[in-house]
Amino acid sequence: MRVRVDGAEHVAERGQTVAAVLLAAGRGSWRTTRIGGRPRGLFCGIGVCFDCLVVVNGVPDVRACQRVVADGDDIRSQDGAELPS
Amino acid sequence: MRRVVVVGGGPAGMAAAKAAASCGVEVVLIDAAPKLGGQYHRQDARESGDRFKLPDGVEHLAESVVWAIEPILEGHRVHVRTGPADGPDRTGRAIETRALVLATGAYDWTPPFPGWDLPGVYTAGAAQAMAKGQGVAVGERVIVAGTGPFLLPVATSLIDAGSRVSAILEANDPVAGFAARPGGALAGWTKAGELAQYGAALARHDVPLRRRCAVIAALGEDRVEAVLAARLDEDWNPVPHTMRRFEVDAVAVGFGFTPQLESAVAARCEIEGGFVAVNAAQGTSVPGVFAAGELTGIGGADLAAAEGAVAGAAAAKRLGAKVRAPIGAMRRARVGRRFAAALAEAYPVRPGWRGWLRDGTIVCRCEEVAYGEIRHAVEDLDVGGARSLKLATRAGLGLCQGRICGRNVAELASLPDAADAFARRPVAVPVRLGELAEDVPVDEAP
Ligand SMILES: Cc1cc2nc3c(=O)[nH]c(=O)nc-3n(C[C@H](O)[C@H](O)[C@H](O)COP(=O)(O)OP(=O)(O)OC[C@H]3O[C@@H](n4cnc5c(N)ncnc54)[C@H](O)[C@@H]3O)c2cc1C
Ligand code: FES
């Protein structure tokens, strides 16, 4: 499968989560906080903490640790609170 | 229609579904993950197929999240969305039942410390889930810190996934703890053999285990570059002049688990000491609602499965099925609880962690509320309860709905009512406005 991560093409395996694809791509963080603009990535790993938010196919606030990638997904870092595009 | 609804597909939920189905009732099992197993039996998501098979008569709704539970006349309506997590294209369904089994499990409890909001700090469960479920190591050089036997499988999984584990820091001194117990209460524990295997694997990889030590700060600009570890006294206060720096790119922190309570709170079940209160048949205070697994106490997968089997049988009985008393499972649950109590005693949480915080340390990660703000609210604003503290500081009002900070804020502010106050989450996970507006089919109870 092929997905895009902030514009760059990456190979992904079936069953992988977005978080796994991002970590495998060497990314430790993929969003910034609303108030302090601080970087965040994976924390709890099981859908509880909402730290790992990312934009998938134009839809923000997707938990990267919960979302399983689909072929052609467009994954983008999230900058604070974003509106759907 | 005779139908039991089970929420959660871990050891407890799977056992409940099997037990109920074997009594001849229909079962719907709902779980957020694509595959069965929950945390303990997490499967590699990249492999095709499911290792677990539920009996005929069980409908498994995978990738399905229960976002609300609504009490109705003589039962509950369970609101479900099925499809890619947090996506806008999920399908909705509401299922009514007179016999509801809650088996939603637990998640890591993490005490805050300076730098714990840096990328590169992970819960031990996250490191475990990524290694087991995705084959990904969260770091190249990782330190594992916290307390409890769970740290050993986490370190082993990290090594299997390709990490170098610098050390395991155990905040307690469990050897002294075990020795202090007359009769060695953990001697017959089934997990003892499993732990010995992890111990041997870690010894082969020269991973040192340091007792009475903890990571008390993570250092770095935009991600973890190193951590500070210290020796702890009995109350977990850092011993002066024992600070040591470890150069790592990740730290996995595991101090135990907190139950995932919101479904039970939404069903109006009584909570006692932070867990769902149940009787010997796993019945909660609400007729027709049963709870099993770590929701009712932290005790590991065997205990969760035993409780699930009891709950499933009790739920089937509630629907009028002929049920033989699950005496074996009830006995296993009793034994399991005894070991759980012994374990809790060997790996307690000590109050000294509060001293690791600085005024600028983030406590609520979602709303970015620092320890100093919470102190100010408690000392100068005279907030009396969880609600006023939340409104004064915003702690607990973010997207995670206080799952991560609730227990910490409660302890730091010495609030008595907090466990329940922070677990009231009528909408368990965010749903999109379009989804709320949608008309969904309702499977009605008889
Ligand atoms: C991240 C993590 C990793 C762990 N790994 C191990 C390990 O490797 N070894 C070990 O001995 N112990 C492990 N544990 C401890 C573990 O909690 C228990 O031993 C055991 O899995 C508990 O079983 P359970 O059935 O009570 O809950 P779980 O196994 O946690 O199962 C609960 C299930 O409920 C589902 N769920 C929760 N809420 C909802 C909802 N609203 N809608 C739909 N589904 C929902 C979850 O997706 C999950 O599958 C881990 C714990 C965590 C938090
Ligand atoms: S890492 Fe916590 S929700 Fe994804």
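Our structure is the block above this text.
Residues numbered from 1 in each chain as written. Chains lettered and ligands numbered in written order. Predicted model: local features only at pLDDT ≥ 70, side-chain atom pairs only at ≥ 80, totals over all residues. Heavy atoms only, no water.

Asker: Go over the interface of chain B and chain A with me, naming the residues and quoting the values.
Answerer: Across the boundary between the two partners, chain B contributes 44 residues, which contact 36 residues of chain A. Around 3,300 Å² of area is buried between chain B and chain A when both sides are counted, 57% of it from carbon and sulfur atoms. Counting across the interface, chain B meets chain A through five salt bridges. With a shortest N-O distance of 3.8 Å, A:Glu13 and B:Arg46 are connected by a salt bridge. Counting across the interface, chain B meets chain A through 14 residue pairs in polar contact (both at pLDDT 80 or more). Elements represented by at least two residues in the side of chain B that touches chain A include exactly strand S8 (106-108), strand S9 (121-123) and helix H2 (124-134) of chain B. In the side of chain B that touches chain A, the residues fall into 23 nonpolar, seven polar and 14 charged. (Contact = heavy atoms within 4.5 Å. Buried area = accessible area lost by both parts, 1.4 Å probe. Salt bridge = Lys/Arg side-chain N within 4 Å of Asp/Glu carboxyl O. Polar contact = N/O pair within 3.5 Å; in protein donor to acceptor, adjacent residues only side chain to side chain. Helix = DSSP H or I, 4+ residues; strand = E, 2+ residues; numbered from the N terminus. Nonpolar A, V, L, I, M, F, W, Y, C, P; charged D, E, K, R; others polar.)

Asker: Before we move on, can you summarise the packing of aromatic side chains with the specific residues and values?
Answerer: Residues and elements named next belong to chain B. Applying the stated rule across the entire model yields seven aromatic pairs over all chains. Centroid distance Trp109 to Phe255: 6.1 Å. Interplanar angle 70°. Geometry classified as edge-to-face. With Trp109 in the loop between S8 and S9 and Phe255 in the loop between strand S16 (250-254) and strand S17 (257-259), the pair connects residues that are 146 residues apart, well separated along the chain. Pair check on accessibility: Trp109 and Phe255 agree, each one buried. Consider the rings of Phe150 and Phe257, whose centres lie 5.2 Å apart with planes at 55°: the pair is tilted. Of the two residues, Phe150 is situated in the loop between strand S10 (141-146) and helix H3 (151-160) and Phe257 in strand S17; the sequence distance between them amounts to 107 residues. The exposure class of Phe150 is partly exposed, given its relative accessible area of 23%. A relative accessible area of 21% means that Phe257 is categorised as partly exposed. Put simply, the rings of Trp109, Trp236, Phe255, Trp353 and Trp356 touch in pairs and so form one group of aromatic residues. Directly above the ring of Tyr40 sits Lys132, whose terminal nitrogen or CZ lies 5.5 Å from the centroid. Between Lys390 and the ring centre of Phe422, over which it is positioned, the NZ or CZ distance is 4.9 Å. (Phe/Tyr/Trp six-rings, centres within 6.5 Å; stacked < 30°, edge-to-face > 60°. Buried < 20%, exposed > 50% of the residue type's maximum accessible area, 1.4 Å probe, protein only. Lys NZ or Arg CZ within 6 Å of the ring centre and 35° of its normal.)

Asker: Tell me about the pairing of strand S2 (residues 26-30) of chain B, and name the residues and values.
Answerer: Residues in a regular strand point their side chains to alternate faces of the sheet. Residues and elements named next belong to chain B. Extensive coverage of S2 is indicated by the burial of four of its five residues. With five bridges joining them, strand S1 (residues 3-7) and S2 adopt parallel strand pairing. Residue pairing across strands places Val7 opposite Ile30, the latter belonging to S2. In the classification by handedness, the crossover that spans S1, the intervening helix H1 (residues 11-22) and the parallel S2 is right-handed. When S2 meets strand S3 (residues 58-61), the two strands line up parallel, connected through four bridges. Residue pairing across strands places Val28 opposite Glu59, the latter belonging to S3. (Pairing = 2+ DSSP bridges. Right-handed = clockwise from strand over helix to strand, strands pointing away.)

Asker: Residue-level account of the site of ligand 1, with values.
Answerer: The immediate surroundings of ligand 1 are formed by 30 residues, with B:Asp31, B:Gln39, B:Gln128, B:Lys132 and B:Glu294 found nearest. In this structure, ligand 1 sits where chains A and B come together, each supplying nearby residues. At a separation of 2.9 Å, an oxygen atom of ligand 1 approaches a polar backbone atom of B:Ala12. B:Val66 places a polar main-chain atom, nitrogen or oxygen, 2.9 Å from a nitrogen atom of ligand 1. Here ligand 1, which alone exposes 960 Å², has 92% of that area covered by the protein. Contributing elements (two or more residues each) for the shell around ligand 1: H1, strand S4 (64-72), S8, H2 and helix H7 (300-318) of chain B. Residue classes in the shell around ligand 1 are distributed as 14 nonpolar, twelve polar and four charged. Among the domains, domain 1 (3-107 + 258-325) and domain 2 (110-255) of chain B are the pair contributing at least three residues each to the shell around ligand 1. (Near = heavy atom within 4 Å. Areas by Shrake-Rupley, 256 points an atom, 1.4 Å probe, with all protein chains shown as cover. Domains from an automatic or database assignment.)

Asker: Quick one: what's the story with unusual backbone geometry, residue by residue and with numbers?
Answerer: Here the phi dihedral of A:Phe50 falls at roughly 60°; this positive angle occurs in a residue that is not glycine. Along the chain, the position of A:Phe50 falls in the loop between strand S4 (39-41) and strand S5 (53-56). Under the relative-accessibility criterion, A:Phe50 is labelled buried at 4%. You will see that B:Glu368, though not glycine, has its phi angle at about 55°, which is positive. If you trace the backbone, B:Glu368 turns up in the loop between strand S21 (362-364) and strand S22 (369-370).

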